[in-house]
Amino acid sequence: VDRRQRQMCIRDRRADGLFEATIEEIENSDLFKLSPFKSLTEQQGDAVVSVVQGLLADLRGEPGTGTVIEGGPGTGKTVVAIFLVKMLRDIGEWDGEPFESETYLSGLFTPDNAATLRGLQIGLVVPQQSLRKSIQAVFARTPGLTAQMVLSPFDVGKSPHTWDLLVVDESHRLSQRANQTSAQKNREFAEINATLFGGDDPKYTQLDWVTQQSHQQVLLVDARQRVRPADLDASLLAELCTASLTQGRLHRLTSQMRVRAGEDYVDHVRRVLSSTPPTQTIDFGEYDFRFFEDVGQMVDAIKTRDAEQGLARLLAGYAWSWESKKDKLRADIVFPGIELQWNSRVVDWVDSPKSVDEVGSIHTIQGYDLNYAGVIIGRDLTYDPATRSLKFNRESYYDRKGRQNNPGQKLSDADLLEYVQNIYSVLLTRGIRGTYVYVVDPHLREYMRPFF
């Protein structure tokens, strides 16, 4: 059903006492946004059917190659991953009861398919901690699924058993052999490599853990959402896509489902932040895109949107140090008359009570939807009018892991510029209804203004 029909149905059922939450509260919840019961687009549905058919063929014969689903921001990769896991579990538990209405998916529910998938060990791997916790909460409340099915890469590597299938969301965020978030994680990385491969060779990545610990893999990928040097190398991701394409196992999601600004919005934003900018503006229709000259006005506007429709949040690049992490009274992001703090929690920040008064980083927002995003572009990204080019400013980049060399690596400013461009592309594509922008560097502000 379309959104208007859904709203009418919810209003009726709420009047009957079946719902306590409002329509807006339901639609803003993780349980709704990450639900395995959401209707798929034709393109998403075709991908799911093809993946299931390929998996069935592999299980009945010689194991084949892995499958890759490639798609940009807002194309529904996470929704497809969750739907796929639930679909496979439902087929495996099907009792033969006929469906009341035929759909293109119901053809997969056959006695042979049910027998093949019955008891299949399935896991959903989510590299980002915050998104993983949100999906675990949804799985815990979904019949046929459990929170234990949602795994971190370390859960996979340390497990004494293997899986028949691992579905990996945000595969580009799997880690290479790099300095981890703690000394313990560094030790665990080395121990997992030694256990799985007989030694701790720097060549092994968390993707190797996934392939070693599972018979089949489905990888959901967007190489342009790599935001740290530790993320899988872009050339490796390209090789995965090429290999899957050769085997007929590459599925591309191109229909943008998040931002209500037309199909070209994501590409337009990425081009504005690239070395080959667009030659003209595009029509965003009714999408509420605003360019602010005063950051205080943008903060006020985001709070107004949140009071009206919920899920309006401030976001920023990592261009300010996280002083409030050690001293909760310290401000992190300071402008004349405005003092802001970074997110006070890492897990499930978007839905936390204080989040509307805080600023989220890439590590709390990647993979999430907002109604409105207010994005502060800091001095980690600047513009040089003399060379007419974007520049990375190392002195204003405070993500320590975001600029740290991997073993044998020497990152240049050009290398780090690519990560920062990716970060802002992600931040600028979170808002469903609108995106508000304030740019700190005056030259970058003037460069970006004509494109919007």
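Note: the structure precedes this text.
Presented here is a report on the structure given in the accompanying data block. For clarity, every value in this text was computed on a predicted model and none was experimentally measured.

1. A look at the sheet that holds strand β7 (residues 288–292)
Then, in step 1: Across the sheet, five strands lie side by side as β7-β15-β12-β8-β11; this open sheet has parallel pairing. In this open sheet, the two edge strands, each paired with only one partner strand, are β7 and β11 (359–360).
Then, in step 2: Across five bridges, the pairing between β7 and strand β15 (residues 431–439) is parallel. Bridge pairing in β15 places Phe292 opposite Tyr438.
Then, in step 3: Set on the sheet, helix α13 (residues 295–309) makes contact with β7, β8 (312–316), β12 (370–377) and β15; between it and β12 the angle comes to about 170 degrees.
Then, in step 4: Packed on one face of the sheet, helix α15 (residues 413–427) meets β8 and β12 and runs near 145 degrees to β12.

2. Here we look at the pattern of salt bridges
Then, in step 1: Within the structure shown, the criterion is met by 20 salt bridges.
Then, in step 2: Its salt-bridge partner being Glu323, residue Arg330 comes within 3.5 Å of it at the nearest N-O pair.
Then, in step 3: Arg330 gets classed as partly exposed once you look at its relative accessible area, which sits at 41%.
Then, in step 4: Classification of Glu323 by relative accessible area gives partly exposed; the value is 30%.
Then, in step 5: What you see here is one network of salt bridges that share partners, running through Lys158, Lys185 and Glu188.

3. Digging into unusual backbone geometry
Then, in step 1: A positive phi angle, near 50 degrees, is found at Glu170, a position not held by glycine.
Then, in step 2: For Glu170, the position within the fold is in the loop between β4 (163–168) and α9 (183–197).
Then, in step 3: Phi at Asp348 is positive, roughly 55 degrees, even though this residue is not glycine.
Then, in step 4: When you line up the elements, Asp348 lands in the loop between β10 (338–340) and β11.

4. A look at the environment of Ile82
Then, in step 1: Assignment of secondary structure puts Ile82 in helix α5 (residues 77–92).
Then, in step 2: Residue Ile82 is classed as buried on the basis of its relative accessible area of 1%.
Then, in step 3: For the pair Ile82 and Val167, spaced 85 residues apart in sequence, the C-alpha to C-alpha distance is 8.9 Å.
Then, in step 4: Dropping the residues within four chain positions of it, Ile82 is found in contact with Leu34, Ser35, Pro36, Leu124, Ile135 and Phe139.

5. A look at the packing of aromatic side chains
Then, in step 1: Per the counting criterion, the structure on display carries 20 aromatic pairs.
Then, in step 2: Note on Tyr265 and Phe284: the rings are 5.3 Å apart at their centroids and 70 degrees apart in plane angle, and the pair reads as edge-to-face. On the criterion of sequence distance, the pair formed by Tyr265 in helix α12 (residues 265–272) and Phe284 in the loop between α12 and β7 is long-range, its members being 19 residues apart.
Then, in step 3: For Tyr265, a relative accessible area of 0% gives the class buried.
Then, in step 4: Judged by its relative accessible area of 10%, Phe284 falls in the buried class.

6. Comments concerning the packing of α5 against helix α7 (residues 129–140)
Then, in step 1: Following both chains from N to C, one finds α5 and α7 inclined at 35 degrees, their axes separated by 13 Å at the closest point. When the axes of α5 and α7 are compared, the crossing they make is right-handed. Counting all contacts with α5, which are made through Thr78, Ile82 and Val85, the residues of α7 involved are Leu131, Ile135 and Phe139.
Then, in step 2: Per-class residue counts for the contact of α5 with α7 are five nonpolar, one polar and no charged.

7. Observations concerning the nonpolar core
Then, in step 1: Grouped together as the largest cluster of nonpolar side chains are 108 residues, with contacts concentrated most on Tyr265 and Ile376.
Then, in step 2: Considering each element in turn, this core owes the most residues, 10 residues, to α5.
Then, in step 3: In contact with Tyr265, other than residues within four places in its own chain, are Val259, Ile282, Phe284, Tyr287, Phe289, Leu428, Thr429 and Thr435.

8. Remarks on the pairing of strand β5 (residues 214–221)
Then, in step 1: The buried count for β5 comes to seven of eight residues, which makes it a mostly enclosed element.
Then, in step 2: As judged from the four bridges shared by strand β1 (residues 67–71) and β5, these two strands associate in the parallel manner. Residue pairing in the sheet places Ile69 in a bridge with Leu220 of β5.
Then, in step 3: In terms of strand pairing, β4 meets β5 through five bridges, oriented parallel. Across the sheet, residue Trp163 finds its bridge partner in β5, namely Ser214.

9. Comments concerning the environment of Val210
Then, in step 1: If you trace the backbone, Val210 turns up in helix α10 (residues 206–212).
Then, in step 2: The spatial distance from the C-alpha of Val210 to the C-alpha of Asp95 is 31 Å, given a sequence separation of 115 residues.
Then, in step 3: For Val210, the residues in contact, after removing those within four places along its chain, are Val156, Leu166, Val168 and Gln217.

Criteria and thresholds
- Residues numbered from 1 in each chain as written.
- Predicted model: local features only at pLDDT ≥ 70, side-chain atom pairs only at ≥ 80, totals over all residues.
- Heavy atoms only, no water.
- Pairing = 2+ DSSP bridges.
- Helix = DSSP H or I, 4+ residues; strand = E, 2+ residues; numbered from the N terminus.
- Contact = heavy atoms within 4.5 Å.
- Axes fitted to C-alpha atoms, helices over the stretch in contact; angles between N-to-C directions.
- Salt bridge = Lys/Arg side-chain N within 4 Å of Asp/Glu carboxyl O.
- Buried < 20%, exposed > 50% of the residue type's maximum accessible area, 1.4 Å probe, protein only.
- Phe/Tyr/Trp six-rings, centres within 6.5 Å; stacked < 30°, edge-to-face > 60°.
- Left-handed = near helix turned anticlockwise from the far one by under 90°.
- Nonpolar A, V, L, I, M, F, W, Y, C, P; charged D, E, K, R; others polar.
- Core = buried A, V, L, I, M, F, W, Y, C linked by side-chain atoms within 4.5 Å.

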